[in-house]
Amino acid sequence: MSLEKILSKYPQKKEYLIEILLDVDEDKKNHFISEEEVTTIAKHLKIKESHVCSVLSFYTLLSSRERGEYIIQVCKDVPCYLNDNFNVVETISKHLGIEMNDTTDDRMFSLEFTACIGCCENAPAMRINNEIFVSLTKDKVIKIIDSKKGGNS
Amino acid sequence: MIEYKELTKKFGKIDPLSINDYLQQDGYKMIRKAIKMGPKKILNEISLSRITGRGGAGFPVSIKMKSFANETGVKYIICNADEGEPGNFKDRYLMENDPHQIIEGMLISAFSTGASRGFIYIRSEYQNAINIMKHTIKEARKYLFLGENILKTSFSFDIEIRRGAGAYVCGEEFALIESIEGKPGRTRVKPPFPSQKGVFGLPTLINNVETFSNLPFIMRIGGREYNNIGSDFASGTKLISLSGNVKNKGLYEVSYGETIKDVIYILGGGIPNNRQIKMVQLGGACGVVIPQSLLDIQIDNERFHIFDSKIGAGALIVIDDRHDIFDIILRNMEFFEHESCGKCTPCREGHGQMVNLVKKFVNFQATKKDYLSLKSLANVIHETSLCGLGQTSPSSIISTMEFFPEDYEKRIEESVRRGQTNG
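It should be emphasised that the depicted structure is a prediction, and the values quoted were computed from it without experimental measurement.

## Let's talk about the overall build of chain B
Next, step 1: Along the backbone of chain B there are 17 helices and 9 strands.
Next, step 2: Compactness check: chain B gives a C-alpha radius of gyration of 22 Å against a globular reference of 22 Å for 423 residues, within 12% of the reference.
Next, step 3: Its C-alpha atoms give chain B principal-axis dimensions of roughly 80 × 45 × 35 Å.
Next, step 4: Buried positions account for 57% of the 423 residues belonging to chain B.
Next, step 5: Taking contacts inside chain B between residues at least 6 apart in sequence as the whole, the part at least 24 apart equals 74%.

Put into structure tokens, the structure is as follows:
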């Protein structure tokens, strides 16, 4: 979807800024909002670019820097921690050869922490783009990531 | 059986995507009944029920609704579905399993207070719930439960979904309102309260998903009968999100007044691997941490003398004896350091400092002075922060200092023995 198409989905009002930014981020392969897009969105909504930037930097799910096609977010809160007996982050980190908050060289994967994603009854849990994965085991984590490598989104 | 299923009784029995399933289970009958009763009688029933807000703060719902009903002009209703408190997943279950119940609750609120527009603010992480709620609103419109002239009356009400973008603080009412307006989610100074001046400067009633879900039930059995369910301190049922080191993790609905111990041992099946409970955190990351010896306390709105709240939004995080108290506190404090919106100084600056001090305890480098600094800092943040985030975030520190003093003493002694302290 082009930026114009996303903008036309919503009334031309400032209150839809976050909805627009979420759509752009989700839609783009590398999940970020570029400077040009900030300018276009600001013009369209008749707001200052600085306001768009303040929103962009405030919300954790939005990014102004390029990320991977698949954003792996691992929950770091207590209920997941209590049930994580193999270290989810270390498993992914080793498997992909990247540190936390890094992106793989082929721009396929980014690794991030997330706040609780409300799956504590099936902890540990992680989220890849809009998909949630629960009851993780070491093998399961590796299988999930490898299935994404194969291009099954 | 200690479960008391009312809000969750249709779970698994209806297809959440089918309005017909909901209608067959007497769905939308309570908004019809409410319209016949009229606003005054509805508000009276809600008063009699003594229902309190289910989002964590436990404020009496009828007080909020009555003050909101007195306002004139265009008014908004917001359903707060920004469930982000670690350990809570009840609102996700309500949205994913019985979404029309929430819409009906919002309709009853709107009709009884004269509101015409509504928002459901859902965090983006809950993609499945967002899809279900979007579909539910469409179906409700198709069946004329939302839109103009609902059920051929002069009552009009419609709902729009807004997504959060990964900010825990947006569960706070004014931060949520700012976010709906397309701004960073930073709270406002109160008063005026949202019921007077909320979203777009207009009167706004904000309630939690579970609170709205209770309203069709209150309409069905009446406020007096509802008040008979529960304990002396709280009426109705409470959804409990049970997680951590417990056999049967999951969502349970119990009447207020059940003990925490029964929920953990009867419903949760106890602790796996023959372990003992070291502590239980109540409500979520912002909740108090209690020892095994206090598990007999009841789930209700009564408060600890050392702290303002007890059960919060209803999370119970069970932590077994393999775990170190300071590891848990550090995770909580790092969470709040990241989630502070930065508007007020105690919360913005204080969480970083608390993280540094707690790290000293984790790393066996703590002194008596660190203990006193941590204690005073925790109390300052609790007393002086602008919104609920900072007011409640230090509760795991304040409560463990009260209930686990020996853990702090031992850690300081051990730090000195290892010679890793700097004086």
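## Considerations on the overall build of chain A
Next, step 1: Looking only at helices and strands, one finds 7 helices and 4 strands in chain A.
Next, step 2: Overall, chain A shows an N-to-C arrangement of helices and strands of α-α-α-α-β-α-α-β-β-β-α.
Next, step 3: Structurally, chain A occupies a C-alpha span of about 50 × 30 × 25 Å along its principal axes.
Next, step 4: Across the 153 residues of chain A, 40% fall into the buried class.
Next, step 5: Residue pairs in contact within chain A that sit at least 24 positions apart in sequence constitute 61% of those at least 6 positions apart.

## Digging into the confidence of the model for chain B
Next, step 1: Per-residue pLDDT for chain B averages 96, and the proportion of residues at 70 or more is 99%.
Next, step 2: The ipTM, which scores confidence in the relative placement of chains, is 0.96 for this predicted complex, and the corresponding pTM is 0.97.

## Quick word on the domain arrangement of chain B
Residues and elements named next belong to chain B.
Next, step 1: The assigned domain composition of chain B is domain 1 (19–228), domain 2 (237–320) and domain 3 (325–418).
Next, step 2: Put simply, the middle of domain 1 and the middle of domain 2, counted by C-alpha atoms, are 27 Å apart.
Next, step 3: Each side of the interface is counted separately: domain 1 has 13 residues, and domain 2 has 14 residues.
Next, step 4: When the residues that make up the side of domain 1 that touches domain 2 are grouped by side-chain class, the tally is 3 nonpolar, 6 polar and 4 charged.

## Some points on the sheet that holds strand 9 (residues 315–320) of chain B
The strands that make up a sheet pair up through hydrogen bonds in the backbone, lying either parallel or antiparallel.
Residue and element names in this part refer to chain B.
Next, step 1: Taken in spatial order, the 5 strands line up as 6-5-9-7-8 in an open sheet, and their pairing is mixed. Only two strands of the sheet have a single partner each, and these edge strands are strand 6 (250–255) and strand 8 (289–290).
Next, step 2: In the sheet, strand 7 (residues 277–282) pairs with strand 8 via 2 bridges, with the strands oriented antiparallel. Bridging across to strand 8, Val 280 finds its partner in Ile 290.

## Remarks on the packing of helix 13 (residues 345–362) of chain B against helix 14 (residues 368–384) of chain B
Residue and element names in this part refer to chain B.
Next, step 1: Direction vectors running N to C along helix 13 and helix 14 enclose 155°, while the axes themselves pass 10 Å from each other. By the angle between their axes, helix 13 is roughly antiparallel relative to helix 14. The chirality of how helix 13 crosses helix 14 is left-handed. Here Pro 346, Cys 347, Gly 350, Gln 353, Met 354, Leu 357 and Lys 360 of helix 13 come into contact with helix 14, specifically with Asp 370, Ser 373, Leu 374, Leu 377, Ala 378, Val 380, Ile 381 and Thr 384.
Next, step 2: Of the residues in the contact of helix 13 with helix 14, the class split is 9 nonpolar, 4 polar and 2 charged.

## Here's the deal with the sheet that holds strand 3 (residues 126–128) of chain A
All names here are of chain A.
Next, step 1: Across the sheet, which stays open at both edges, the 4 strands sit in the order 2-1-3-4 with mixed pairing between neighbours. In the strand order of this sheet, the two ends are held by strand 2 (109–114) and strand 4 (131–133), each with one partner. The mean inter-strand angle of the sheet, taken between neighbouring strand axes irrespective of direction, is 25°.
Next, step 2: Where strand 3 meets strand 4, 3 bridges bridge the pair, whose relative direction is antiparallel. Among the inter-strand pairings, Ile 128 is bridged to a residue of strand 4, identified as Glu 131.

## Focus on the packing of helix 5 (residues 90–97) of chain B against helix 9 (residues 209–221) of chain B
All names here are of chain B.
Next, step 1: Orientation of helix 5 relative to helix 9, taken along the N-to-C sense of each, is 50°, at an axis distance of 9 Å. Classified by the angle their axes make, helix 5 and helix 9 are oblique. Across the interface between the two elements, Lys 90, Asp 91, Leu 94 and Met 95 of helix 5 pack against Val 209, Glu 210 and Ser 213 of helix 9.
Next, step 2: Here the residues of the contact of helix 5 with helix 9 are counted per class, giving 3 nonpolar, 1 polar and 3 charged.

## Here's the deal with the interface of chain B and chain A
Next, step 1: Residue-level contacts link 40 residues of chain B with 29 residues of chain A.
Next, step 2: Mapped by element, the contributors of at least two residues to the side of chain B that touches chain A are helix 8 (173–180), strand 5 (237–244), strand 6, strand 9 and helix 12 (325–339) of chain B.
Next, step 3: The element contributing the most residues to the side of chain B that touches chain A is helix 12 of chain B, with 5 residues.

## Topic: the pairing of strand 4 (residues 204–208) of chain B
Residue and element names in this part refer to chain B.
Next, step 1: Within strand 4, 5 of the 5 residues are buried, which leaves it mostly tucked inside the rest of the structure.
Next, step 2: Neither face of strand 4 is open: one carries Thr 204, Ile 206 and Asn 208, the other Leu 205 and Asn 207, and all of them are buried.
Next, step 3: Of the strand pairs in this sheet, strand 1 (residues 76–81) and strand 4 are connected by 5 bridges, and their pairing is parallel. Paired with Asn 80 across the two strands is Asn 208, which belongs to strand 4.

## Here's the deal with the domain arrangement of chain A
Next, step 1: Segmentation of chain A into domains returns domain 1 (3–58) and domain 2 (70–149).
Next, step 2: Distance between the C-alpha centres of domain 1 of chain A and domain 2 of chain A: 28 Å.

## Re unusual backbone geometry
Next, step 1: A cis amide bond, omega -10°, links B:Lys190 with the succeeding residue B:Pro191.
Next, step 2: Structurally, B:Pro191 is set in the loop between helix 8 and strand 4.
Next, step 3: Residue B:Pro191 is joined to B:Pro192 through a cis peptide bond whose omega torsion reads 0°.
Next, step 4: Position of B:Pro192 among the secondary structure elements: in the loop between helix 8 and strand 4.
Next, step 5: Positioned with a positive phi, A:Asn87 is a non-glycine residue whose angle comes to about 70°.
Next, step 6: Locating A:Asn87 in the fold gives a position in the loop between helix 5 (78–83) and helix 6 (88–96).

## A word on the environment of A:Phe133
Residues and elements named next belong to chain A.
Next, step 1: Mapped onto the fold, Phe 133 is located in strand 4.
Next, step 2: Remark: the alpha-carbon pair of Phe 133 and Ile 144, spanning 11 residues in sequence, is separated by 8.6 Å.
Next, step 3: For Phe 133, the residues in contact, after removing those within four places along its chain, are Ala 125, Met 126, Ile 128 and Ile 144.

## Thoughts on the nonpolar core
Note on soluble globular proteins: their nonpolar side chains tend to be buried together.
Residue and element names in this part refer to chain B.
Next, step 1: In this structure, Val 280 and Leu 316 are the most contacted members of the largest nonpolar core, which totals 167 residues.
Next, step 2: Looking at which element gives the most residues to this core, the answer is helix 12, with 8 residues.
Next, step 3: Each residue touching Val 280, except ones within four places of it in the same chain, is listed here: Ile 260, Ile 290, Leu 295, Leu 316, Ile 317, Val 318 and Ile 319.

So, how was this worked out
Residues numbered from 1 in each chain as written. Chains lettered and ligands numbered in written order. Predicted model: local features only at pLDDT ≥ 70, side-chain atom pairs only at ≥ 80, totals over all residues. Helix = DSSP H or I, 4+ residues; strand = E, 2+ residues; numbered from the N terminus. Rg over C-alpha atoms; globule rule 2.2 N^0.38 Å. Buried ≥ 20, exposed ≤ 12 C-beta atoms within 10 Å, placed from the backbone. Contact = placed C-beta atoms within 7 Å. pLDDT = per-residue confidence, 0-100. Domains from an automatic or database assignment. Nonpolar A, V, L, I, M, F, W, Y, C, P; charged D, E, K, R; others polar. Pairing = 2+ DSSP bridges. Axes fitted to C-alpha atoms, helices over the stretch in contact; angles between N-to-C directions. Parallel < 35°, antiparallel > 145°, perpendicular 65-115°, else oblique. Left-handed = near helix turned anticlockwise from the far one by under 90°. Core = buried A, V, L, I, M, F, W, Y, C linked by C-beta atoms within 7 Å.

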